[in-house]
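# Structural overview
Residue-level listing of the chains:
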Amino acid sequence: MFTHLFFDLDGTLIDSKPGIFKSVLHTLEVMGIPAPLHEEELNPFIGPPLRQSFKTLFGFSDRKAEEATLIYRDFYGREGMNMFTVYPGIPGALETLAAMGLSISLVTSKAEIYALKIVEKADLARYFSTVSGCEINGNRSDKAELITYTLQKHDMLPGKEIVMIGDRYHDIRGAKLTGISSAGVLYGYGSRGELETEKPDLIIPSHADLTDMLTGNAGKC
């Protein structure tokens, strides 16, 4: 049974797509770069570290990705950050898991200053013993680094009783690199194929399955 739960934020606890997409489109407009014809083309942007997403999706150089990141963060901090909704059932699931005595932490590639504000606004902050995110300059944005950082906060060694729960490939890879368990959720921004390729320890189909699957009660009466 898991004793420590490390939750991703975007696509796992909240639907932050509207604010992220609007921030990306604003960035492209300021930089004079044509926007994709279909917003769905921006889906891969959500999840990985910000600078990495600009490089991967738009082919930006290091310098251009840094410029884009500054523009993005300025808009996101003013407007985009507030454009999110909490997925149905998430508050109840966190309440139940916390009541069962499980330790719950937030581990996100989002800048920590934004993550703290978002969980406060979402009224979820009380469930997390720690909140870990990247520094505003991009340091500590890799998921494995963030997991290690969170383990250090808890003064814990890696172990299979600790699980990283997220919706994208980098959540699963980060867990494997650091020697903890992994769980992929299918209701976020990653596809089933993406997650199955990474071979997580668990695949969680919906928000309603979170509590049972994380506590080993799936299928029990």
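Everything numeric here is computed off the predicted structure, so don't read it as measured data. (Residues numbered from 1 in each chain as written. Predicted model: local features only at pLDDT ≥ 70, side-chain atom pairs only at ≥ 80, totals over all residues. Heavy atoms only, no water.)

### Side note on the nonpolar core
Formed by 53 residues in total, the largest nonpolar core has its most connected members in Leu 5, Phe 7, Phe 128, Ile 165, Leu 210 and Leu 214. Here Leu 214 is in contact with Phe 2, Leu 5, Phe 7, Leu 97, Val 163, Ile 165, Leu 202 and Ile 204, once residues within four sequence places are set aside. Membership of the second largest hydrophobic core comes to 10 residues, among which are Val 107, Leu 146, Leu 151 and Met 164. (Core = buried A, V, L, I, M, F, W, Y, C linked by side-chain atoms within 4.5 Å. Buried < 20%, exposed > 50% of the residue type's maximum accessible area, 1.4 Å probe, protein only. Contact = heavy atoms within 4.5 Å.)

### Digging into the layout of surface pockets
Here the largest pocket is characterised by a volume of approximately 330 Å³. Ranked by the residues each element gives to the lining of the largest pocket, the list is headed by strand E4 (residues 103–111), at 4 residues. (1 Å grid on protein atoms, 1.4 Å probe; cavity = no way out; pocket = protein on both sides within 12 Å on 5 of 7 lines; lining within 4 Å. Points joined across faces, edges and corners; volume = space filled by probe spheres on them. Helix = DSSP H or I, 4+ residues; strand = E, 2+ residues; numbered from the N terminus.)

### Section: the pattern of salt bridges
What the rule picks out here adds up to 15 salt bridges. When the shortest N-O distance is used, the salt bridge between Arg 51 and Glu 66 registers 2.8 Å. In this pair, Arg 51 sits in helix H2 (residues 50–58) while Glu 66 sits in helix H3 (residues 62–78), placing the two residues 15 residues apart along the sequence. Note that Glu 198 is salt-bridged to Arg 173, the shortest N-O span being 3.0 Å. Of this pair, Glu 198 sits in helix H8 (residues 192–198) while Arg 173 sits in helix H7 (residues 169–178); the two residues are 25 residues apart in sequence, bridging distant segments of the chain. On the basis of relative accessible area, Arg 173 is assigned to the partly exposed category, the value being 42%. A single salt-bridge network, built from bridges that share partners, covers Lys 22, Asp 74, Arg 78 and Glu 79. (Salt bridge = Lys/Arg side-chain N within 4 Å of Asp/Glu carboxyl O.)

### Some thoughts on the sheet that holds strand E7 (residues 181–185)
Overall, parallel pairing links the 6 strands, which are arranged E5-E4-E1-E6-E7-E8 in an open sheet. Each of the sheet's edge strands pairs with one partner strand only, and the pair in question is strand E5 (130–134) and strand E8 (202–204). Strand after strand, the sheet turns through a mean of 20 degrees between neighbouring axes, direction not considered. Judged from the 3 bridges that link them, E7 and E8 form a sheet pairing that is parallel. Paired with Gly 184 across the strands is Ile 203, a residue of E8. Contacts from helix H5 (residues 112–121) reach E4 and E5, with the element oriented near 125 degrees to E4. (Pairing = 2+ DSSP bridges. Axes fitted to C-alpha atoms, helices over the stretch in contact; angles between N-to-C directions.)

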